[in-house]
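Analysis of the macromolecular model
Here are the chains, one letter per residue:
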Amino acid sequence: MSGRDRTPVDDAEVCVIGAGPAGGLIADRLAADHTVVVLDAGPRFDPSDRLERQERAIRPSYDRPDVWDGDPERDAHAASGEWFYPLNHARVKGIGGSTLHWQGMVMRLHEDDFNSESARGVGVDWPIDYADLRSYYAAAERELGVAGADHPYAPPREEPFPMTEFEPSYSDSLFADACERLEIDMHPVPNARNSESYGDRSACVSYGTCQPVCPSGAKYDATVHVDRAESKGATVIDRAVVGRLEHDRDRVTAAVYNTPDGAEHRQKADVFVLAAGGVETPRLLLLSESDEYPEGLANSSGLVGSFFMDHLFAGMGGLLDEPTRQNHVGFLTSECHQFYNDADAEIAPFKLEFFNYDGPSPVTMALTGDDWGDALLDRVRADYGNHIGMGALVEQLPTEESYVGLDHDQTDPFGNPVPDVHWTVDDRALRTIERANEIQREILTELGVEITWQVGPDNTGPAYHHMGTTRMSDDPADGVVRPDLRTHDLQNCWIASSGVFPTGGAMNPTLTIAAIALKAAGHIDEAL
Amino acid sequence: MQLTRRDATAALAALGATGGIAYGARHFTSDDETDADDTDANTDASDDTQSSEGDDHLRSTLVAVAGVLYPNEVEGIEGFVNTFLDGRLDDSPHAEGVRSAIQTLDEHAEAWYNVKIVDMESETIDGLLREIGADTADEDPNGPTAERIRYYVVNELLLALFTSPTGGELVGIENPIGHAGGLGSYTQGPGGGQ
Ligand SMILES: Cc1cc2nc3c(=O)[nH]c(=O)nc-3n(C[C@H](O)[C@H](O)[C@H](O)COP(=O)(O)OP(=O)(O)OC[C@H]3O[C@@H](n4cnc5c(N)ncnc54)[C@H](O)[C@@H]3O)c2cc1C
Ligand code: SF4
């Protein structure tokens, strides 16, 4: 449908809230056999606008949230924690969700990530194991289309990746000698990005603007699954902001949503799937408080919104006295998980990344300088060409002090309190950032790099992965959802999100979100 | 370095006029055209002169400004800019912004120098752009004059150059950001080897 008729669907069996990868995959899995409606707060973007969005990505006058029409009023939020959290750089609202903007690296969590407390002595164990998710991971890789190759540090897998990996970059080849001398292994990054054509999506053609927009569609985004769900009969309603879940003691009865014309609607369904991401999902549960559930819905544990986690970035880079060929593509081709499995109570798991786009690109330098003509040419020639850098992602532990709550002093255009991301980071994560920096310094020094920048414990920032806020647990007292992703409290309400991760690991979360969504879809199908 | 029609269509393809490949044959003589693969795309576009007379003045003005903004070693500016503008000067708000920024620039030229930009020496155009403040301004399509000129004129032209393969090559990147140059280049070393 065009998205203009935003009235509820009669006799819906499944109402999915959120059209990112979690909601998209579930809608796609269920649409053939059930009446499915998907509600998303953001707009449906016209695929033919992507080059215009690419221009916004390149031009300095646009901020990242502008690329996908971020709306400061709709997306208002607070960040009352010790650490500022830039929420609107960390998500996109609209059909496709945050994958419209994402980078698209997709790794499976390692086996110990599911057993952090027993294997590493910190965090909490998941109530499920890697083995429980393994077949869902394989299915998720097929759904997204992942180009990758196995390596010795990854958890066991039974079949090859759906696509061959991207070749290492020239920049990787510079790192390779130094890493070999230091006995540090480099291996390919699994990318949700086509190294060859995949289904009806083209191979990557190297626009280089993957994050925040891929004009060719070679980078996976969740419009793939939302479109497919629609073609199977699902109804997708955009600009439908769900502000409350009506319920009785045991069940959600309706999702109440607002549309741009100012109308309020109630979508009834047999089953509700909350897939609004790791911040908006707990917010919606808290907004749905009632006499029955004064602390918010699905919150008899009191843990809705608790244990907010992200991954921390650590990085370093500088200049080499030879060409490094950065900024040809916008994705990474090599990484290192060698130190990941050494994690313990003192040092968190972390992975290392080898950049292909360190330093400014010529076009950005041209658009932001005070010069033109030959002076500009001289400046760009002097500054482009020799940058080289590394990144790392580090796990943070779940702690009570880090949470998503409501800010009752500020409301969105519909009068609902905005989310407050109260973010703090534990000392183990900060120590691990130092450890990652040490290894980065060792590699860059071996390579002969003059180090010019570092992101360490004092200036680290988040990787935009929202985890922990609707934790999965066996015991209803310890979490919000059961291992089958249904909320403990409500019989017809499921959550598919990185919010269910009890401990986060240090892998980008979306492949695990996709695996969990597929698992949830199976359970929902059974329940229906 | 010679800018070709392929460069202009590549810049258009990067910036949102994907029909670009059919544009621009009339702006290049066959001498300009260094990319042999592209020549057959020339044939059916020879009469697509869409611009009004007003736009002709606009085009000449932008060509003159590009002569100042682009490094001296860049050749083929007129054909490149005109082909780029074929794809950009439609009835979009962006094109209107370009038209109005050029009008403002011309008004300043006439007020301060008594001539239109097309009749100015390069050094005078350079001076005019600096006096307006377009060199130090941050681009902003809705900002004051300097920021609008920076957005719609200076950065419009720099964007076209530096998202094109030849513009990239000038600074050592034959597959610049915004250009869909294929998966070959990122694995190659500086000499073209692996
Ligand atoms: C810059 C960036 C880079 C990233 N890179 C990577 C990466 O390389 N690898 C990786 O694994 N992950 C990456 N991520 C994270 C990844 O994008 C998310 O993990 C993933 O998109 C989460 O999927 P989701 O479906 O749970 O939520 P989202 O994709 O965020 O989708 C949620 C949807 O819910 C909708 N919604 C929210 N509230 C409401 C409401 N009240 N009513 C109706 N709809 C609502 C939103 O509009 C949105 O469309 C990145 C993120 C960013 C921002
Ligand atoms: S480099 Fe990135 S933006 Fe370009 S086609 Fe490939 S995936 Fe898309």
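Residues numbered from 1 in each chain as written. Chains lettered and ligands numbered in written order. Predicted model: local features only at pLDDT ≥ 70, side-chain atom pairs only at ≥ 80, totals over all residues. Heavy atoms only, no water.

Some remarks on helix 1 (residues 5–15) of chain B
- With nine of its eleven residues buried, helix 1 of chain B lies for the most part within the structure.
- Where helix 1 of chain B is concerned, the buried positions are Arg5(B), Asp7(B), Ala8(B), Thr9(B), Ala10(B), Ala11(B), Leu12(B), Ala14(B) and Leu15(B).
- For helix 1 of chain B, the elements touching its buried residues are helix 2 (50–58) of chain A together with helix 3 (77–88), helix 6 (145–162) and helix 7 (165–170) of chain B.
- The distance from a side-chain oxygen at the start of helix 1 of chain B to the backbone nitrogen of Arg6(B) is 3.2 Å, and the residue carrying that oxygen is Thr4(B). (Buried < 20%, exposed > 50% of the residue type's maximum accessible area, 1.4 Å probe, protein only. Helix = DSSP H or I, 4+ residues; strand = E, 2+ residues; numbered from the N terminus. Contact = heavy atoms within 4.5 Å. Polar contact = N/O pair within 3.5 Å; in protein donor to acceptor, adjacent residues only side chain to side chain.)

Quick look at the interface of chain B and chain A
- Contacts between the two partners involve 52 residues from chain B and, on the opposite side, 43 residues from chain A.
- Both faces considered, chain B and chain A share a buried interface measuring about 4,000 Å² in area, 58% of it formed by carbon and sulfur atoms.
- The interface formed by chain B and chain A includes five salt bridges.
- Here Arg59(A) and Glu139(B) are joined by a salt bridge, their closest N and O atoms 2.7 Å apart.
- Put simply, chain B and chain A have 28 residue pairs in polar contact (both at pLDDT 80 or more) between them.
- Contributions of two or more residues to the side of chain B that touches chain A are made by helix 1, helix 2 (53–69), helix 5 (122–132) and helix 6 of chain B.
- The leading source of residues in the side of chain B that touches chain A is helix 6 of chain B, at eight residues. (Buried area = accessible area lost by both parts, 1.4 Å probe. Salt bridge = Lys/Arg side-chain N within 4 Å of Asp/Glu carboxyl O.)

Concerning the packing of helix 1 (residues 21–31) of chain A against helix 12 (residues 510–527) of chain A
Residues and elements named next belong to chain A.
- Running from amino to carboxyl end, helix 1 crosses helix 12 at an angle of 35°, the nearest separation of the two axes being 9 Å. Along this stretch, helix 1 crosses helix 12, giving a crossing that reads as right-handed. Here Pro21, Ala22, Leu25, Ile26, Arg29 and Leu30 of helix 1 lie close against helix 12, whose contacting residues are Thr510, Ile513, Ala514, Ala517, Leu518, Ala520, Ala521, Ile524 and Asp525. (Axes fitted to C-alpha atoms, helices over the stretch in contact; angles between N-to-C directions. Left-handed = near helix turned anticlockwise from the far one by under 90°.)

Description of the site of ligand 2
- The local shell around ligand 2 consists of Arg193(A), Cys204(A), Val205(A), Ser206(A), Tyr207(A), Gly208(A), Thr209(A), Cys210(A), Cys214(A), Ser216(A), Lys219(A) and Phe331(A).
- In terms of residue class, the shell around ligand 2 is built from six nonpolar, four polar and two charged. (Near = heavy atom within 4 Å. Nonpolar A, V, L, I, M, F, W, Y, C, P; charged D, E, K, R; others polar.)

Thoughts on the pairing of strand 5 (residues 241–247) of chain A
Residues and elements named next belong to chain A.
- Of all seven residues in strand 5, five are buried; the element is thus mostly enclosed.
- Alignment of strand 5 against strand 6 (residues 252–258), held across six bridges, turns out to be antiparallel. Bridge pairing in strand 6 places Val242 opposite Tyr257.
- What sits between the antiparallel neighbours strand 5 and strand 6 is a turn of four residues. (Pairing = 2+ DSSP bridges.)

Here's the deal with the site of ligand 1
All names here are of chain A.
- In the vicinity of ligand 1 there are 38 residues, among which Asp40, Ser98, Met105, Val242 and Thr510 approach most closely.
- Met105 has a polar backbone atom sitting 2.7 Å from a nitrogen atom of ligand 1.
- Between ligand 1 and the protein, one listed contact pairs a nitrogen atom with a backbone N or O atom of Val242 at 2.9 Å.
- Considering ligand 1 on its own, with 990 Å² of exposed area, one finds that the protein chains cover 95% of that surface.
- Among the secondary structure elements, those contributing two or more residues to the shell around ligand 1 are helix 1, strand 5, helix 8 (277–287) and helix 12. (Areas by Shrake-Rupley, 256 points an atom, 1.4 Å probe, with all protein chains shown as cover.)

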